[in-house]
Amino acid sequence: MTEIKGGVCAPKGFSAGGIRCGIKPSSSKKDLALIYSDKLCDAAAMFTKNIVKAASVQLTQKNIEGEKLRAIIANSGNANACTGEAGMDAAKRMVQSIANESQIDTSEVAVASTGVIGVPLPIDLIEKNVSVLKNSLRSDEQGHLDALEAIMTTDIRKKEIAVEIEINGVPVRIGAMAKGSGMIHPDMAAANNSAKHATMLAFVTTDAAVEKSALNSSLRNAVERSFNCTTVDGDTSTNDTIIIMANGEAANAPIATGSADYEVFSNALEFVCVSLAKMMARDGEGATKLVTVTVSGAKSEKDARIIAKSVASSSLVKAACFGADANWGRVLCAMGYSGVEFLPENVNVSFKSEAGEITVCENGGSVSFSEEKAKEILSKEEIEILISMKEGSAAASVWGCDLTYDYVKINGDYRS
């Protein structure tokens, strides 16, 4: 696997673009994006399990039932959530406008929104500029970057990646972009699973030919080990969405579930999603540190993931990371209310960074350690909390960030 440039435009047959149409008048950034395929794609998606869902989520859930897409239109600056019938009408008009402009069926268009909740979407501005949006499409890296800018809200860092792999000697590419730095605690499920003012959006393109069942299962597995293992502030958005489109332009033999090709493709997709998830956690609103919590020795991967996410989500743990305070008792506390049964006396905890590693807890109790060394380790921009449980052989990692004064400042006047 080789990392390449181009993002969502790296795979054959895809183009992207982004423009500013003025959804958020106080901003000069692009706010309307389009990702487009030259041919109809097999598609899969996962969405927030929040009961309160944005109109864009509800409409895309319906359109993805056919597992075919040509385009994704997305806006920033307005979540179009909690906006009633008018919000659904706006989402439908958004889809209809690009379908008309591209002369494709509305069922082939996905829509996504991110921004302030509870404010009517200025759909007239979008309809007025849809021709400009369609004409902004480019099949090079600039097209990808324009679209990426247009979906960003409070993001500081760009979240993008593209890789090339080989499927039976045939070069296959996967490209992706994502946004999200606040209201990040994804809990996503497939469209048919009953299962704040920012959100997690991720769009993935590939020129691989992938059977529908394989595409769906590969995406589910990748999301479970990436975005669903990411937390910034414990708030699960109304708009969380990930969509993958596969157009088959690489001309490889269709990838089937359980095959060797499936493993290669799935591993690459997981790498892409994990990379974006870590970028998202690193760019948490106001964050100064990327915090990786790894639990090993758990009874199951699910247990390990639940415990790791509980620790990474703890405001007290996050605050301690910000202050470089080796307050390991907060780690055990967060483990204890995770809902997973375990024996506290089996737990060891260490802190690690480029400055070294130090054990701060053994067998659920205190151990002598250097506070100065611990502070040095926790003062780095990327730190790890390593938890060993001695309950089994399963492990999982979750990515989060520290909790800073700036997070409160950003979210205290977000609508201003």
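Residues numbered from 1 in each chain as written. Predicted model: local features only at pLDDT ≥ 70, side-chain atom pairs only at ≥ 80, totals over all residues. Heavy atoms only, no water.

Asks: I'd like a rundown of the overall build of the protein, residues and numbers included.
Replies: Within the protein, the regular secondary structure consists of 11 helices and 16 strands. The C-alpha radius of gyration of the protein comes to 21 Å, within 12% of the 22 Å expected for a compact globule of 416 residues. Along the first, second and third principal axes, the C-alpha set of the protein runs to 70 × 55 × 35 Å. Counting every atom, the protein has about 16,100 Å² of accessible surface; 47% of that belongs to carbon and sulfur. Within the protein, one finds 42 positive and 52 negative side-chain charges whose respective centroids are separated by 3 Å. (Helix = DSSP H or I, 4+ residues; strand = E, 2+ residues; numbered from the N terminus. Rg over C-alpha atoms; globule rule 2.2 N^0.38 Å. Areas by Shrake-Rupley, 256 points an atom, 1.4 Å probe, with all protein chains shown as cover. Lys, Arg positive; Asp, Glu negative; His and termini not counted. Charge placed at Lys NZ, Arg CZ, Asp CG, Glu CD.)

Asks: A description of unusual backbone geometry should follow, citing residues and the corresponding values.
Replies: Positive phi, normally seen in glycine, also occurs at Cys82, with a value near 60 degrees. Looking at the element boundaries, Cys82 is found in the loop between strand 4 (68–78) and helix 2 (84–102). With a phi close to 55 degrees, Asn168 is a non-glycine residue in the positive phi region. The residue Asn168 is located in the loop between strand 6 (159–167) and strand 7 (170–179) in this model.

Asks: Give me the side chain of Asp31: which residues, what numbers.
Replies: Tracing the chain through its elements places Asp31 in the loop between strand 2 (14–19) and strand 3 (32–48). Buried and without a salt bridge, Asp31 has Arg20 as its closest oppositely charged side chain, separated by 5.1 Å. One polar contact links the side chain of Asp31 to the main-chain amide nitrogen of Gly22, over a distance of 3.0 Å. Excluding residues within four positions of it along the chain, Asp31 makes contact with Ile19, Arg20, Cys21, Gly22, Ile23, Lys24, Ala74, Asn75, Ser76 and Ala150. (Buried < 20%, exposed > 50% of the residue type's maximum accessible area, 1.4 Å probe, protein only. Salt bridge = Lys/Arg side-chain N within 4 Å of Asp/Glu carboxyl O. Polar contact = N/O pair within 3.5 Å; in protein donor to acceptor, adjacent residues only side chain to side chain. Contact = heavy atoms within 4.5 Å.)

Asks: An account of the environment of Ser368 is requested, with residue identities and associated values reported.
Replies: Note on placement: Ser368 falls in the loop between strand 14 (365–366) and helix 10 (371–378). With 90 residues separating them along the chain, Ser368 and Lys278 place their C-alpha atoms 32 Å apart.

Asks: So what's going on with empty space enclosed by the protein? Residues and values would help.
Replies: If you add up the space inside the largest cavity, you get close to 50 Å³. In terms of lining residues, the largest cavity is bounded by Val317, Ala320, Cys321, Asp325, Ala326, Asn327, Arg330, Val331, Phe351, Leu378 and Ile385. For the lining of the largest cavity, the secondary-structure elements that each account for two or more residues are helix 8 (315–322) and helix 9 (329–336). Examining the composition of the lining of the largest cavity, we find that 3 residues originate from one element, helix 8, more than from any other. Residue composition of the lining of the largest cavity, grouped by class: 8 nonpolar, 1 polar and 2 charged. (1 Å grid on protein atoms, 1.4 Å probe; cavity = no way out; pocket = protein on both sides within 12 Å on 5 of 7 lines; lining within 4 Å. Points joined across faces, edges and corners; volume = space filled by probe spheres on them. Nonpolar A, V, L, I, M, F, W, Y, C, P; charged D, E, K, R; others polar.)

Asks: Which residues make up the packing of aromatic side chains, and what are the values?
Replies: One pass over the full model with this rule turns up 1 aromatic pair. Ring centres 5.3 Å apart and planes at 90 degrees place the aromatic pair Phe322 and Tyr405 in the edge-to-face group. Taken as a pair, Phe322 in helix 8 and Tyr405 in helix 11 (residues 405–412) lie far apart in primary sequence, 83 residues in all. On the accessibility criterion, Phe322 (29% relative accessible area) is partly exposed. When the ring centre of Tyr36 is taken as origin, the NZ or CZ atom of Lys134, which lies over that ring, is 4.9 Å away. (Phe/Tyr/Trp six-rings, centres within 6.5 Å; stacked < 30°, edge-to-face > 60°. Lys NZ or Arg CZ within 6 Å of the ring centre and 35° of its normal.)

Asks: An account of the nonpolar core is requested, with residue identities and associated values reported.
Replies: In this structure, Val311, Met335, Val349, Phe351, Ile385 and Ile387 are the most contacted members of the largest nonpolar core, which totals 42 residues. The next biggest cluster of nonpolar side chains, apart from the first, holds 35 residues, and it includes Ile161, Ala202, Tyr262 and Met280. (Core = buried A, V, L, I, M, F, W, Y, C linked by side-chain atoms within 4.5 Å.)

Asks: Give me the lowdown on the sheet that holds strand 12 (residues 348–353), citing residues and values where you can.
Replies: The 6 strands are arranged 14-13-12-15-11-16 in an open sheet whose pairing can be described as mixed. The open sheet has two edge strands, strand 14 and strand 16 (394–401), and neither has a second partner. Contacting strand 12, strand 13 (356–362) and strand 15 (382–388), helix 9 runs over the sheet at an angle of about 60 degrees to strand 15. (Pairing = 2+ DSSP bridges. Axes fitted to C-alpha atoms, helices over the stretch in contact; angles between N-to-C directions.)

Asks: Report on the pattern of salt bridges, specifying residues and quantitative values.
Replies: Note that side chains of opposite charge can pair when their charged atoms are close. Applying the stated criterion to the full structure yields 15 salt bridges. The closest approach of N and O atoms between Arg305 and Glu224, which form a salt bridge, is 3.4 Å. One end of the pair, Arg305, is in helix 7 (residues 301–313); the other, Glu224, is in helix 5 (residues 212–224), with 81 residues separating them in the sequence. With a relative accessible area of 11%, Arg305 lands in the buried category. Relative accessible area serves as the criterion here: at 31%, Glu224 is assigned to the partly exposed category. A salt bridge links Glu376 to Lys373, with the shortest nitrogen-to-oxygen separation between them at 3.6 Å.

Asks: I'd like a rundown of the environment of Leu378, residues and numbers included.
Replies: Along the chain, Leu378 turns up in helix 10. Here the alpha-carbon distance between Leu378 and Lys289, two residues 89 residues apart in the chain, equals 9.2 Å. In this structure Leu378 touches Lys289, Cys321, Ala324, Asp325, Ala326, Phe351 and Ile383, once residues within four positions along its chain are discounted.

Asks: Mind laying out the side chain of Thr292, listing which residues take part and the relevant values?
Replies: Relative to the elements of secondary structure, Thr292 occurs in strand 11 (residues 290–298). The contact partners of Thr292, leaving out residues within four places of it in the chain, are Ile383, Glu384, Ile385, Ser397, Val398 and Trp399.

Asks: Report on the pairing of strand 13, specifying residues and quantitative values.
Replies: As judged from the 5 bridges shared by strand 12 and strand 13, these two strands associate in the antiparallel manner. What sits directly across from Ser350, in strand 13, is Thr359. Hairpin remark: strand 12 followed by strand 13, antiparallel, with 2 residues in the connecting loop. Joining the antiparallel neighbours strand 13 and strand 14 is a turn of 2 residues, in which Asn363 adopts a positive phi near 55 degrees.

Asks: Describe in detail the packing of helix 1 (residues 55–63) against helix 2, supporting the description with residues and values.
Replies: Put simply, helix 1 and helix 2 touch, their axes get as near as 8 Å, and they point 55 degrees apart. Classed by the angle they form, the pair helix 1 and helix 2 counts as oblique. The two elements helix 1 and helix 2 cross, and the hand of that crossing is right-handed. In contact with Ala55, Ser56, Gln58, Leu59 and Asn63 of helix 1, helix 2 contributes Gly87, Met88, Ala91, Lys92 and Val95. Considered class by class, the residues forming the contact of helix 1 with helix 2 number 5 nonpolar, 4 polar and 1 charged. (Parallel < 35°, antiparallel > 145°, perpendicular 65-115°, else oblique. Left-handed = near helix turned anticlockwise from the far one by under 90°.)

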